[in-house]
Amino acid sequence: QIQLVESGGTLVQAGDSLTLSCAVSGATIMDYSMAWFRQVPGKEREFVSAITWLTGAPAHANFVTGRFAISRDTEKKTLYLQMNYLKPEDTAVYLCAARRGQVLSSMLQQYTFWGQGTQVIVSS
């Protein structure tokens, strides 16, 4: 079974940049599409960005346009989320997710496999 382990979350200042990583193991990686979601207490998980591993085709939520970028490194079997110009409202637990197939999706219910998450705190 595919396993996902996030890392890189930390405390940063508003306006800073930060890159999160998701290490993938236990699967044929080209069979999956991947995504980043984020969650704060009391709210549903929110879609951030997605990518198909086979082609690298990306998709993203409107609020991250011009600030965040998703990418993957096939040799390292690692997914990345580069975040720039961070705002206090970006504070959340960021989770890595995976689903079988090559069709991009922003729908929470379509993702079957999840990591434990990594905490990002943006201070003002």
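Rules used throughout
- Residues numbered from 1 in each chain as written.
- Predicted model: local features only at pLDDT ≥ 70, side-chain atom pairs only at ≥ 80, totals over all residues.
- Heavy atoms only, no water.
- Helix = DSSP H or I, 4+ residues; strand = E, 2+ residues; numbered from the N terminus.
- Contact = heavy atoms within 4.5 Å.
- Areas by Shrake-Rupley, 256 points an atom, 1.4 Å probe, with all protein chains shown as cover.
- Lys, Arg positive; Asp, Glu negative; His and termini not counted.
- Charge placed at Lys NZ, Arg CZ, Asp CG, Glu CD.
- Core = buried A, V, L, I, M, F, W, Y, C linked by side-chain atoms within 4.5 Å.
- Buried < 20%, exposed > 50% of the residue type's maximum accessible area, 1.4 Å probe, protein only.
- Disulfide = S-S within 2.5 Å.
- Pairing = 2+ DSSP bridges.

Caption draft 1: Structural context of the overall build of the protein chain. In terms of regular secondary structure, the protein chain is built from zero helices and eleven strands. Along the protein chain, helices and strands appear, N-terminal first, in the series β-β-β-β-β-β-β-β-β-β-β. With the principal axes as the frame, the protein chain shows a C-alpha extent of 40 × 30 × 25 Å. Long-range contacts, defined as pairs at least 24 residues apart, comprise 59% of the intrachain contacts of the protein chain with a sequence gap of at least 6. About 6,500 Å² of surface is accessible on the protein chain, with carbon and sulfur atoms providing 49% of the total. For the protein chain, the centre of its 10 positive side-chain charges and the centre of its 9 negative side-chain charges are spaced 4 Å apart.

Caption draft 2: How the structure looks around the nonpolar core. Ranked by size, the top nonpolar core spans 29 residues in total, and within it Leu 4, Met 34, Trp 36, Leu 79, Met 83 and Tyr 94 carry the most contacts. Of all elements in the fold, only strand S3 (18-25), strand S4 (32-39), strand S5 (46-52), strand S7 (68-73), strand S8 (78-83), strand S9 (92-100) and strand S11 (118-123) reach the threshold of two or more residues within this core. Ignoring sequence-local partners within four residues, the contact set of Met 34 consists of Leu 4, Cys 22, Val 24, Ser 49, Ala 50, Ile 51, Trp 53, Leu 79, Cys 96, Ala 97, Ala 98 and Tyr 111.

Caption draft 3: Expanded view of the state of the cysteines. Applying the stated criterion across every chain, the model contains one disulfide. Disulfide pairing places Cys 22 opposite Cys 96 at an S-S distance of 2.1 Å. With the S-S bond torsion at -80°, the cross-link from Cys 22 to Cys 96 turns out left-handed. Highlighted residues: Cys 22 in strand S3 and Cys 96 in strand S9, separated in sequence by 74 residues.

Caption draft 4: View of the pairing of S7. Looking at chain direction, S7 and S8 are connected through six bridges and run antiparallel. Along S8, the bridge assignment pairs Ala 69 with Gln 82. In textbook terms, the turn of a hairpin is the stretch between consecutive antiparallel strands, and for S7 and S8 this stretch comprises four residues, one of which, Lys 77, has a positive phi near 50°.

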